[in-house]
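Chain by chain, the residues:
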Amino acid sequence: MDWLSENSLARSVLDALTSSICVIDREGTIRAENGAWQQFSTTNGGGESYIGANYLENCMKTSDDPSDDAHRFAEAIRDVINGKRERFEAEYPCHSPNEKRWFLARVTPLKSALNTMAGEELLGAVISHQNITDRKLLELRLKRLANTDDLTGLQSRRSVIDTIDKRSADLKTGSVLALFLLDLDNFKSINDTLGHDVGDLVIKQVAHRVSTLIPRFPSFIAGRMGGDEFALLLEVKRPWAVVPIAEEILNLLGKPYSIQGELVQFSASVGIAFYPTDAATPLLLLKAADLALYKAKNGGRNRYVFYTDTLLKAAEQRQTLFKEVRSGILRNEFVAYFQPIVRLKDKSLLGLEALIRWQHPERGLLTPADFLPALKDENFGRELSQVVLLQVIQHLSVWPAICVSVNLTSGQLRNANFVDFLCRQTLAHSVKPEQVKLEITEDVVIGDSEHRLTLTLARLQDAGFKTSLDDFGTGYASLSHLSRFPLDEIKIDMSFVRQLSTSRQARSVVRSVTHLAHELGLNVVAEGIEDAEIEGIVAALGCDNGQGYLFGKPQSASAIPNLIKKWPYSSRALSAIPGPNLRSSSK
């Protein structure tokens with residue numbers, strides 16, 4: 001077989017390549033092309049060949065932006081032809097009326113085989129095209145997913161941060177960027193009680209409502225930061241200009257939501273910060289708005305709060321406290337103190353409530369008021385409650401028989417293994433389940449899944465543990481909760497009890513609650529009894545048991561065996577029982 005000629009061999013090699021290849025002269029005219037290029041020409045209505053056409057002019061026609069991308073691309077090719085650059089590659093769009101396409105173009109100079117006095121002569125350029133449409137479409141889709149929240153269609157968290165960064169760099173002199181961070185109050189209860197599908201429906205409605213603000217403000221953008229938290233960004237001339245907008249947002253989100261044929265009511269909390277007055281960078285702006293949102297939620301909710309430097313100081317103090325609490329837990333500095341609970345009709349000792357104290361190495365004995373942010377934190381609160389619970393079980397294993405009440409957190413109750421864990425611990429320490437009374441607060445009742453909470457409480461009662469609803473009357477739970485949950489008693493909060501001597505309405509409420517509780521077979525404990533007058537009132541209103549300084553202050557575990565042993569019969573004045581001088585209220 002005769003070998004192919006050099007030209008035939010080169011042409012065969014070029015035709016075998018899948019990339020479209022053409023050769024242009026120094027004017028940009030196409031002088032040669034391979035088979036893939038001819039096929040591309042035929043497919044796109046260019047006839048059987050593009051030879052003779054000007055490549056640079058065709059690029060201008062197919063570019064998305066002839067005034068920008070195509071000009072840069074053409075100038076780069078001219079630089080190669082004129083010897084100003086050796087080679088280059090670039091991605092560029094080449095769209096037809098019916099199809100979006102992108103190509104990766106590689107351009108190399110075409111040099112003469114003959115050397116001249118000035119060196120090799122540049123004849124033009126060789127251009128190869130590789131179709132990268134599939135890859136480009138995937139990149140665009142991924143970018144769209146990264147920049148758009150799937151559920152709501154609003155900007156994603158990443159996109160919001162990028163937008164803040166760009167807006168802050170382009171901010172006009174005399175203007176400020178206002179960042180709103182907002183979320184729904186008690187939204188978690190929707191997910192827990194009705195499921196995440198229903199929660200998603202609420203999120204979509206929130207997104208729709210905030211989107212209605214966009215057409216009214218040209219600089220307005222809205223994004224979802226995650227969960228039920230949203231971000232709104234707006235450029236304004238003066239900070240005070242956002243006040244009516246913030247009030248409108250609260251009103252807008254406070255309207256009822258139609259969920260599965262029922263109307264559900266929410267309120268919202270909003271934190272607001274400004275760039276550059278509150279923060280020097282976009283990330284610091286987010287942090288400032290988040291601190292303001294934290295203040296809004298912890299200060300009553302259903303309101304907006306502007307960032308101030310005091311919020312940053314409070315956050316830093318909170319972080320310092322959390323570090324100290326973590327160290328205190330590791331060093332076993334948190335201990336249980338115990339306050340007597342008595343039967344009102346004869347003042348006999350019924351049991352004790354375990355109350356947490358912090359034996360701080362430098363500040364001495366601290367009450368919960370000194371480390372309240374840690375108790376409110378879900379993780380720390382659960383861990384500290386677990387510390388007290390385990391201490392109580394250990395003490396009960398060596399004390400004379402008595403019942404001790406222990407506060408539980410929602411995190412403990414949500415743990416599917418909690419009931420089994422508690423049963424194992426009491427069994428291992430030879431403690432009877434009826435010696436442990438588990439108290440849940442009103443916020444746990446309304447903040448958790450009602451069905452799940454009911455099952456957990458029922459399992460606890462079936463295992464022999466007593467259950468109590470603590471802090472009743474603080475405004476969260478309703479009377480209907482008394483019949484829906486398996487309980488043994490309710491405890492009327494001290495803040496309510498202290499009104500009894502001055503408020504006829506308070507006395508009527510306590511009388512009604514006590515009557516209903518008795519009808520349901522529940523005992524009633526009045527907390528915060530600090531004088532004989534209040535004791536007489538709660539007894540007359542029908543309360544069964546009492547707790548407060550009148551009957552004894554919280555005492556250390558070491559004092560309890562002697563307290564139980566020497567607890568007097570009913571005629572002895574309980575104020576004679578010694579107790580430490582703690583800087584606390586009745587708890």
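Remember, it's a predicted structure, so these values are computed and weren't measured experimentally.

Draft legend 1. Layout of the overall build of the chain. Looking only at helices and strands, the chain has 22 helices and 22 strands in total. With 587 residues in all, the chain has 45% of them scored as buried. Element-wise, carbon and sulfur atoms account for 51% of the exposed surface of the chain, whose accessible area totals about 29900 Å².

Draft legend 2. Representation of the confidence of the model for the chain. When pLDDT is averaged along the chain, the result is 84, and 87% of the positions lie at 70 or above. Within the model, the stretch residues 569-586 combines pLDDT values under 50 with 44 contacts to residues more than four positions away or in other chains.

Draft legend 3. Region of the structure containing the packing of aromatic side chains. This model, assessed by the stated rule, comprises twelve aromatic pairs. If you follow Arg209 out to its NZ or CZ, it ends over the ring of Tyr257, 3.7 Å from the centre.

Draft legend 4. Here's a closer look at the environment of Ile164. Along the chain, Ile164 turns up in helix H6 (residues 157-169). According to the relative accessible area criterion, Ile164 is buried, its value standing at 1%. Contact partners of Ile164, with chain neighbours within four places excluded, come to Leu177, Leu179, Leu233, Pro282, Leu285 and Leu286.

Draft legend 5. Representation of a nonpolar patch on the surface within the structure. Side chains of Leu138, Leu142 and Leu145 sit close together on the surface and give an oily, nonpolar patch of about 260 Å² of accessible area. Secondary-structure assignment places Leu142 in helix H5 (residues 133-147).

Draft legend 6. Just the sheet that holds strand E11 (residues 268-275), in detail. The sheet built from five strands is open, its strands ordered E7-E8-E6-E11-E12 with mixed pairing. Here the strands that pair on one side only, and so sit at the sheet edges, are strand E7 (221-226) and strand E12 (304-306). Within this sheet the neighbouring strands show an average axis-to-axis angle of 25 degrees, counted without direction. Alignment of E7 against strand E8 (residues 229-236), held across five bridges, turns out to be antiparallel.

Draft legend 7. Up close: helix H21 (residues 532-540). Within the sequence span of H21, burial applies to Ile534, Glu535, Ile537 and Val538. Seen end-on, H21 carries its buried residues on one side only, within an arc spanning 165 degrees. Residues Ala532 and Ala540 are exposed on H21 and point more than 90 degrees away from its buried face. Elements that come into contact with the buried residues of H21 comprise helix H19 (494-497), helix H20 (504-519) and strand E20 (523-526). Residue Gly542 follows H21 closely and has a positive phi angle near 105 degrees.

Draft legend 8. View of the pattern of salt bridges. All chains considered together, the criterion is met by 25 salt bridges. Residue Asp170 is joined to Lys166 by a salt bridge in which the shortest nitrogen-to-oxygen separation is 3.2 Å. Judged by its relative accessible area of 47%, Asp170 is partly exposed. Among the ionic pairs, Lys491 bridges to Glu439, the shortest N-O distance being 2.8 Å. On the criterion of sequence distance, the pair formed by Lys491 in strand E19 (residues 489-492) and Glu439 in strand E17 (residues 436-441) is long-range, its members being 52 residues apart. For the pair Lys491 and Glu439, one class covers both residues: buried. Members of the salt-bridge network, linked through shared partners, are Glu91, Arg135, Lys136 and Glu139.

Draft legend 9. Quick peek at the packing of helix H13 (residues 378-396) against helix H15 (residues 418-428). H15 packs onto H13 with a crossing angle of 30 degrees between their chain directions and a minimal axis gap of 10 Å. In terms of orientation, H13 lies roughly parallel with respect to H15. Two packed elements cross with a definite hand, and for H13 against H15 that hand is right-handed. Here H13 contributes Gln386, Leu389, Leu390 and Ile393 to the contact with H15, which in turn contributes Phe418, Phe421, Leu422, Gln425 and Thr426. Broken down by class, the residue content of the contact of H13 with H15 amounts to six nonpolar, three polar and no charged.

Scoring rules and cut-offs
- Residues numbered from 1 in each chain as written.
- Predicted model: local features only at pLDDT ≥ 70, side-chain atom pairs only at ≥ 80, totals over all residues.
- Heavy atoms only, no water.
- Helix = DSSP H or I, 4+ residues; strand = E, 2+ residues; numbered from the N terminus.
- Buried < 20%, exposed > 50% of the residue type's maximum accessible area, 1.4 Å probe, protein only.
- Areas by Shrake-Rupley, 256 points an atom, 1.4 Å probe, with all protein chains shown as cover.
- pLDDT = per-residue confidence, 0-100.
- Contact = heavy atoms within 4.5 Å.
- Phe/Tyr/Trp six-rings, centres within 6.5 Å; stacked < 30°, edge-to-face > 60°.
- Lys NZ or Arg CZ within 6 Å of the ring centre and 35° of its normal.
- Patch = residues over 30% accessible without salt bridge, like charges linked within 9 Å, V, L, I, M, F, W, Y side chains within 5 Å.
- Salt bridge = Lys/Arg side-chain N within 4 Å of Asp/Glu carboxyl O.
- Pairing = 2+ DSSP bridges.
- Axes fitted to C-alpha atoms, helices over the stretch in contact; angles between N-to-C directions.
- Arc of directions from axis to C-beta.
- Parallel < 35°, antiparallel > 145°, perpendicular 65-115°, else oblique.
- Left-handed = near helix turned anticlockwise from the far one by under 90°.
- Nonpolar A, V, L, I, M, F, W, Y, C, P; charged D, E, K, R; others polar.

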